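Listed below are the residues making up each chain.
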Amino acid sequence: MRLSPAPAFPALVFRKSSYSSVQNCLEFADLPGGAAIRDSKHPEHRPLAVPNVEWAGFVGAVKQGRL
């Protein structure tokens, strides 16, 4: 998996994952061709851009309880 800083999109709308807990909060925003992810405890940090195929694999693993 290749992670890279998300491009500077000022209009990113982040949503909190329904699988997040109080201690472990992941937020994500849609990007063309992927998703931007960030830690909700540090929204000032630049998010990571993840291509669609890797994002889909991650979401699937979480839903199946493998992560």
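Residues numbered from 1 in each chain as written. Predicted model: local features only at pLDDT ≥ 70, side-chain atom pairs only at ≥ 80, totals over all residues. Heavy atoms only, no water.

Let's talk about the overall build of the chain
Check the secondary structure of the chain and you find one helix and five strands. The order of α-helices and β-strands along the chain, N terminus first, is β-β-β-β-β-α. With 67 residues in all, the chain has 30% of them scored as buried. Counting contacts in the chain only where the partners sit at least 6 residues apart, residues at least 24 apart contribute 34% of the total. When the accessible area of the chain is evaluated, it comes to approximately 4,700 Å², of which 59% is carbon and sulfur surface. (Helix = DSSP H or I, 4+ residues; strand = E, 2+ residues; numbered from the N terminus. Buried < 20%, exposed > 50% of the residue type's maximum accessible area, 1.4 Å probe, protein only. Contact = heavy atoms within 4.5 Å. Areas by Shrake-Rupley, 256 points an atom, 1.4 Å probe, with all protein chains shown as cover.)

Description of the packing of aromatic side chains
A ring pair, where both rings are aromatic, is described by two values, the distance of the centres and the angle of the planes. Applying the stated criterion across every chain, the model contains two aromatic pairs. A ring pair is formed by F28 and W55, whose centres lie 5.6 Å apart and whose planes are at 45°; its orientation type is tilted. Of the two residues, F28 is situated in strand β3 (residues 26-31) and W55 in helix α1 (residues 52-63); the sequence distance between them amounts to 27 residues. We classify F28 as buried; its relative accessible area is 17%. Within the aromatic cluster, the residues linked to one another by ring pairs are F28, W55 and F58. Here the guanidinium or amino end of R38 rests over the ring plane of F14, the centre of that ring lying 3.8 Å away. (Phe/Tyr/Trp six-rings, centres within 6.5 Å; stacked < 30°, edge-to-face > 60°. Lys NZ or Arg CZ within 6 Å of the ring centre and 35° of its normal.)

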